[in-house]
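Observations on the three-dimensional arrangement
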Amino acid sequence: MNLRFGLLGPVEVRRDGRPVPLGSPKQRALLTALLLEPNRVVSIDRLVTAVWDEEPPRSAVANVRTYVNRLRSTLGEGDRLTARPPGYVLTVHAGELDVIEFADALRQGRKALSAGRPEAALRHLSAALTRWRGAPAEDVPRSAALGPRLDALAEQRCLSLEAQAEARLMLGEHADAVPELRETVAAHPTRERLWGSLMLALYRTGDSAAALSAYGQARTFLAEELGVEPGPELAELHRGILNRDPALRAEPILPALGPSRVAPAPEAGPAPEAGPNRTPVAGPGCLVGRDPELREIVAAITASPPRPVAVHGQAGVGKSALALHAVRTAAPGFPGGVFHVDLRALPRPGAYETLTRLLGLLGLADDQIAPDLDDAVLQLGTATAGRRVLVLLDNVTDERQVRPLLGAAPGCRFVITSRTVLAALDDVDHLPLAPLRDDAAYELLVRLCGRERVDPEQVRRVARLCDNLPLALGIAGKRLAVRREWTLAAFADMLADEEHRLDLLTCGDLSVRSALDLDYQALRRRTGTADGSALALFHRLGERGMAECGSATAAALLGCDRRTAWAALGRLADLRLTTSTAPDRYRMNDLTRLYAMEIARAAGKRESGDSAALI
């Protein structure tokens, strides 16, 4: 008979892989006390204080014996829980308790980190963190005896998160670490080491403004929660970012790339398979099904003469991931530096602000940058003279943001990502990006959630429910990797519920809903006649849950002529809220359709509320 004990989350016991009922909260508290000291005698007095936080009843000792007898019956092995004066001992064998496995993996990870072996450290630390399913013994009442012991376990988890972040930064995985670090600091806002790692990761991806903003958030949290200012290490990092300290750019684990802010991609190879107790981690090399597009981008930016490449596609299709992988792949050919400018992070993402950010990355102080656009363009040419520089302009929304930069510096090569086609740009290769093919979507999901869990039919079902979009697939894979108790069939059943699908496709700051909302908000901000018709049509389609529409249907929904309907459909297609599938035929993917239905319901509730207010 195979037993597994778990404290790193709700208390659990599994017999031959199946969970067994553990009874009342007090019985689970007693089991927790025994598991915190496996293979050691725990006295009856200590068990009593673990179970009853207040004054124990006169029957406490008798009740403890009753709970022990019930646990024996639950475990199904009479010799596991035995009486030994002055109390009881629970026998736990190797590989049966998640706390012991976590502690061993954490110890190995920290040892490897101290020895300067970040790859080994990351492997051990990731394995340690996969043991966690929630807060330690989260379904057990916190008594004065158990609380400090469980808090110590939670502290060990935080230490492992901090060490994992350090290992990833040593490996140069800055861009990939940012989303996870944002999620982690949101869960642990008073951990200064985590804030420091987030600030450094943001700075090394070229986003100094976001790094400084993170420091402001950390300072606010520390003041509100602890009543203190940031410590000297975090304050020193803040000063270094303000002064653009060259030491902060150091990436000693990677080959020297000059002032590059983007780490080179690792050589392609098979993804490591995850074992039964290890969460698969998709690193920077986890780009699936994009080889032709990757080759096209690299060929264009390394050609002579070079050609800027503009990658465009709908929300969640993986434009930024592909572009980042491409510039990492091409990085060794650009000793002058590789830079990433995310326009979405700029307060006012105009051409001058884009130039200012890039010139800052090239080493110019704020007071050295010219105050007008034309002079700043000349500065870009001067700053890159004699250098081979590669620049990723990410999340561009219109041509005006980037046109002055293109061609301004002969040594600069550009890769651009946008949702709309930047058709007004001259001498640019436009590369459309579609959702993944079925086989690539299958492979990406398998890599993320672990091959040992593969049920081919259910993997394909999950991929279809994610519309083969890399963002949705990535979120689904990450959730499955963390929630090891979910089968693929169970997760597919949950996704099939349209009311909750967008809720499930959210993980930390990654969200399909948020990605779609950017396009919808862009439509709301527009003021043209076609924009108003497109917004109204989007609402009408959402009200009816319709995925497909032509001009005749659109005209009927809007009560307008066919010309106005065509303009509205075209505007929705421009913003990637619909896709043209045939002449006079447009379609929303299912995720966009569900988002449109949510928007329509919310608008209906607002209108009902306004009407009620008038009565």
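Residues numbered from 1 in each chain as written. Predicted model: local features only at pLDDT ≥ 70, side-chain atom pairs only at ≥ 80, totals over all residues. Heavy atoms only, no water.

Bringing the overall build of the chain into the picture now. Check the secondary structure of the chain and you find 24 helices and 16 strands. The C-alpha radius of gyration of the chain comes to 28 Å, within 12% of the 25 Å expected for a compact globule of 615 residues. By principal-axis analysis of the C-alpha atoms, the chain measures approximately 85 × 60 × 50 Å. Split into buried and exposed, the 615 residues of the chain put 51% on the buried side. Long-range pairs, those at least 24 residues apart, make up 67% of the contacts in the chain between residues at least 6 apart in sequence. (Helix = DSSP H or I, 4+ residues; strand = E, 2+ residues; numbered from the N terminus. Rg over C-alpha atoms; globule rule 2.2 N^0.38 Å. Buried < 20%, exposed > 50% of the residue type's maximum accessible area, 1.4 Å probe, protein only. Contact = heavy atoms within 4.5 Å.)

In this section: the sheet that holds strand β9 (residues 389–396). Pairing is parallel in the open sheet, where five strands are placed in the order β8-β9-β10-β7-β11. Where the open sheet ends on each side, the last strands, each with one partner, are β8 (338–342) and β11 (429–432). Here the strands of the sheet are splayed against their neighbours by 15° on average, with no regard to which way each runs. Pairing between β9 and strand β10 (residues 412–418): six bridges, direction parallel. (Pairing = 2+ DSSP bridges. Axes fitted to C-alpha atoms, helices over the stretch in contact; angles between N-to-C directions.)

Within the secondary structure layout, Asp438 lies in helix α15 (residues 438–449). Distance in space between the C-alpha atoms of Asp438 and Asn468 is 7.0 Å, their sequence separation being 30 residues. Polar contacts involving the side chain of Asp438 include one to the side chain of Asn468, which spans 2.9 Å. (Polar contact = N/O pair within 3.5 Å; in protein donor to acceptor, adjacent residues only side chain to side chain.)

By size, the foremost hydrophobic cluster in this structure holds 82 residues, and its most contacted members are Ile297 and Val462. In terms of residue count, the dominant contributor to this core is α15 (eight residues). With sequence-adjacent residues up to four places away left out, Val462 is seen in contact with Leu445, Ala476, Leu488, Phe491, Ala492 and Leu495. Leu34, Val68, Leu122 and Ala128 belong to the second-largest nonpolar core, a separate cluster that totals 53 residues. (Core = buried A, V, L, I, M, F, W, Y, C linked by side-chain atoms within 4.5 Å.)

With that out of the way, let us pick up the packing of helix α21 (residues 529–544) against helix α23 (residues 562–574). Two numbers describe how α21 lies on α23: the axes approach to 8 Å, and their chain directions differ by 80°. Here α23 runs roughly perpendicular to α21, going by the angle between their axes. Between α21 and α23, the contacting residues are Ala530, Asp531, Ser533, Ala534, Leu537 and Phe538 on the first element and Thr564, Ala567, Ala568, Leu569, Arg571 and Leu572 on the second. Within the contact of α21 with α23, the residues separate by chemical class into eight nonpolar, two polar and two charged. (Parallel < 35°, antiparallel > 145°, perpendicular 65-115°, else oblique. Nonpolar A, V, L, I, M, F, W, Y, C, P; charged D, E, K, R; others polar.)

The end-to-end C-alpha distance of helix α9 (residues 208–226), which contains 19 residues, comes to 26 Å, matching closely the 27 Å that a straight helix rising 1.5 Å per residue would cover. Listed in full, the buried residues belonging to α9 are Ser208, Ala210, Ala211, Ala214, Tyr215, Ala218 and Leu222. Projected onto a plane normal to the axis of α9, the buried residues spread over an arc of 155° and lie on a single side. Its buried side turned inward, α9 meets α7 (174–187), α8 (192–204) and α10 (232–242). Following α9 by one or two positions, Gly227 has its phi on the positive side, about 70°. (Expected span 1.5 Å × (residues − 1). Arc of directions from axis to C-beta.)

The next thing to look at is the sheet that holds strand β1 (residues 3–6). Taken together, three strands build an open sheet; the order of strands is β1-β2-β3 and the sheet is antiparallel. The strands lining the two open edges of the sheet, one partner per strand, are β1 and β3 (18–19). Relative to strand β2 (residues 12–15), β1 runs antiparallel, the two sharing four bridges. When the sheet's bridge partners are listed, Arg4 is paired in β2 with Arg14.

Moving on, we come to the pattern of salt bridges. Here the structure, examined in full by the defined rule, presents 38 salt bridges. Put simply, Arg191 and Glu155 hold a salt bridge, and the shortest N to O gap is 2.7 Å. One end of the pair, Arg191, is in the loop between α7 and α8; the other, Glu155, is in helix α6 (residues 146–170), with 36 residues separating them in the sequence. Residue class for Arg191 comes out buried when judged on its relative accessible area of 15%. Here Arg562 makes a salt bridge to Asp584, at a shortest N to O gap of 3.7 Å. Of the two residues, Arg562 sits in helix α23 while Asp584 sits in the loop between β15 (579–582) and β16 (585–587), which places them 22 residues apart along the sequence. (Salt bridge = Lys/Arg side-chain N within 4 Å of Asp/Glu carboxyl O.)

This structure, assessed with the given rule, holds seven aromatic pairs. Where Tyr520 meets Tyr595, the ring centres are 5.9 Å apart and the plane angle is 70°; that geometry is what we call edge-to-face. Here Tyr520, found in helix α20 (residues 512–525), pairs with Tyr595, found in helix α24 (residues 590–614); they are 75 residues apart in sequence, far enough to count as distant. The residues Tyr520 and Tyr595 share a single accessibility class, namely buried. Taken together, the aromatic side chains of Tyr520, Phe538 and Tyr595 make up a single cluster linked through ring pairs. Seen from the ring of Phe334, Arg388 lies directly overhead, with NZ or CZ sitting 4.7 Å from the centre. (Phe/Tyr/Trp six-rings, centres within 6.5 Å; stacked < 30°, edge-to-face > 60°. Lys NZ or Arg CZ within 6 Å of the ring centre and 35° of its normal.)

Attention shifts here to the pairing of strand β6 (residues 87–90). Across two bridges, strand β4 (residues 42–43) lies against β6 in antiparallel orientation. Counted as the bridge partner of Val42 is Tyr88 from β6. Where strand β5 (residues 81–84) meets β6, four bridges bridge the pair, whose relative direction is antiparallel. Bridge pairing links Ala83 to Tyr88 in β6. Hairpin remark: β5 followed by β6, antiparallel, with two residues in the connecting loop.

Okay, helix α18 (residues 488–496) next. Every buried residue of α18 is accounted for by Leu488, Phe491, Ala492 and Leu495. Down the axis of α18, the buried side of the element spans an arc of 100°, and every buried residue falls inside it. Among the structural elements, α15, α16 (456–465), α17 (470–482) and α19 (501–504) are those in contact with the buried residues of α18.

Right, let's talk about the packing of α15 against α16 for a bit. At a minimum axis distance of 9 Å, the contact between α15 and α16 shows a crossing angle of 105°. One element, α15, and the other, α16, form an angle in the roughly perpendicular class. On the side of α15, the interface is formed by Ala441, Tyr442, Leu445 and Val446, while α16 contributes Pro456, Val459, Arg460, Val462 and Ala463. Tallied by class, residues from the contact of α15 with α16 come to eight nonpolar, no polar and one charged.

Let us now look at the confidence of the model for the chain. The predicted model of the chain averages 85 in pLDDT, with 91% of residues at 70 or higher. For residues 263–285, every residue scores under 50 in pLDDT, and the model assigns this stretch 44 contacts once sequence neighbours within four places are set aside. Taken as a whole, residues 610–615 scores under 50 in pLDDT and shows zero contacts with residues more than four places along the chain or in a different chain. (pLDDT = per-residue confidence, 0-100.)

What follows covers the environment of Ala515. Along the polypeptide, Ala515 turns up in helix α20. Sequence separation between Ala515 and Leu557 is 42 residues, and the spatial gap between their C-alpha atoms is 26 Å. Apart from the residues within four sequence positions on either side, Ala515 is in contact with Ala315, Arg419 and Leu471.

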